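Listed below, chain by chain, are the residues.
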Number of protein chains: 2
Amino acid sequence: MVKSLDKKDEDWPDHVGWRLSQANSAWRAAFVEAMRAAGHGWMTDARASLLGHVGRRGTPQSVLIERMGISKQAVQQLIDGLEGEGVLRRMSDPRDKRARIVAHTQKGRSALQEANRIKLELEERYRNLLGPEGLAALKSALAALASSANDDIRGDREG
Amino acid sequence: MVKSLDKKDEDWPDHVGWRLSQANSAWRAAFVEAMRAAGHGWMTDARASLLGHVGRRGTPQSVLIERMGISKQAVQQLIDGLEGEGVLRRMSDPRDKRARIVAHTQKGRSALQEANRIKLELEERYRNLLGPEGLAALKSALAALASSANDDIRGDREG
DNA sequence: CCTTATTCGTCAAGATACTTGACTATATAA
DNA sequence: TTATATAGTCAAGTATCTTGACGAATAAGG
């Protein structure tokens, strides 16, 4: 059997949070699996979310830190790993000798292309499942929730 | 400053996966923060997802493993931690001397109540943001995505 | 009853993704 | 110049997960 969900269990989670979590891990798993199948065996969730913020012409490490919302050390470690894999490289910023610009290597650029392709495919698959309006509605609902949380939770880091 | 998202950046993630991830972490952060504010300082994401599967009258460890979709050792470690916090306790199953029933302690029951209250509050907040139909549509869309992934990714454990 | 396999749980060790604290080098402000 | 803030690194520790190996109880087959 696939799972024994059909049994009349005493309780099974059913709130938005749980569904959000399920859908999120489904997407992540699908993405990482597809990347790995495409030969990018070094891909993981955390690395994907970092890579998603590195622009084509490189991005300052400080900007990555700001965008990702995790500690600078965590970001650094992620970059270290990706640098070790030959996906990213660090360049120095001519205008600020402290700063480092993180950019894709050749390998990184091809991974980026692959990643974009896969994201489009997944988006397409979701569009087929939900219909174009359904997908659009989903995305706008998700955006609304995320931004409301930002407003509401206050006490962000750097506050 | 709160964040500098408004700048016209070269690229900023915008696919479903990213929004899913944002909304998901918003929910998780809100839940955990509310629990901690309510005095349950031991709460974490992973613990919350385990506790969501422990029924009021106790649940066999093997069932938790099956439901959570992670390794039995991971589940065990989570239970160990919660047992150490005095939230859960393990009882032996009279009908199977190998098995262990995981149940809430007194402290666990009060946390459970609090958690349910918070989940309802969050759901309510989301309902206000999206409207009743919007929330319902969101939930059903999420469910569709999660179950389609299950079909597609196959190779579940327990095969 | 007596093997043999299966299932339930534990112990141990290791990987990944984070955290905080301490510190260097550079830049900026007073 | 001196103080302070910012960019990044190094080191150590925590949380969550993994695989492998194992003991103990149950189930299946003779």
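Residues numbered from 1 in each chain as written. Chains lettered and ligands numbered in written order. Predicted model: local features only at pLDDT ≥ 70, side-chain atom pairs only at ≥ 80, totals over all residues. Heavy atoms only, no water.

A. Structural view of the protein's contact with DNA strand C. Around DNA strand C sit 21 residues, and of these Thr44(A), Ser71(A), Gln73(A), Arg98(B) and Arg100(B) come closest. Measuring from a phosphate oxygen of DNA strand C, one finds a side-chain N or O atom of Arg90(B) at 3.1 Å. A distance of 2.5 Å separates a phosphate oxygen of DNA strand C from a polar backbone atom of Arg100(B). Breaking the surface near DNA strand C down by element, the ones donating at least two residues are helix H4 (72-84) and strand S3 (96-104) of chain A together with helix H3 (61-68), helix H4 (72-84) and strand S3 (96-104) of chain B. (Near = heavy atom within 4 Å. Polar contact = N/O pair within 3.5 Å; in protein donor to acceptor, adjacent residues only side chain to side chain. Helix = DSSP H or I, 4+ residues; strand = E, 2+ residues; numbered from the N terminus.)

B. Up close: the protein's contact with DNA strand D. Taken together, 21 residues form the shell around DNA strand D, and within it Arg98(A), Arg100(A), Thr44(B), Ser71(B) and Gln73(B) come nearest. Among all atoms of DNA strand D positioned within 4 Å of the protein, those belonging to sugar or phosphate total 54%. Within the side chain of Lys72(A), a nitrogen or oxygen atom sits 2.8 Å from a base oxygen of DNA strand D. The contact in question runs from a base nitrogen of DNA strand D to an N or O atom on the side chain of Gln77(B), over 2.7 Å. Residues that form the surface near DNA strand D fall into these classes: 5 nonpolar, 9 polar and 7 charged. (Nonpolar A, V, L, I, M, F, W, Y, C, P; charged D, E, K, R; others polar.)

C. Structural detail: the sheet that holds strand S2 (residues 88-93) of chain B. Residues and elements named next belong to chain B. Spatially, S1-S3-S2 is the arrangement adopted by the 3 strands of the open sheet, whose pairing is antiparallel. Each having just a single partner strand, strand S1 (59-60) and S2 make up the two edges of the open sheet. Inspection of the sheet shows S2 paired to S3 by 6 bridges, in the antiparallel sense. Across the sheet, Arg89 pairs through a bridge with Ala103, a residue of S3. (Pairing = 2+ DSSP bridges.)

D. Expanded view of the confidence of the model for chain A. All names here are of chain A. For chain A, the mean per-residue pLDDT works out to 87, and 86% of the residues sit at or above 70. Mean pLDDT per element in chain A: helix H6 (residues 132-153) is the minimum at 82, and H4 is the maximum at 98. This stretch, residues 1-10, has a pLDDT under 50; its non-local contacts, to residues over four places away or in other chains, come to 14 contacts. Across residues 152-159, where pLDDT falls below 50, the model places 11 contacts with residues more than four positions away in sequence or in other chains. (pLDDT = per-residue confidence, 0-100. Contact = heavy atoms within 4.5 Å.)

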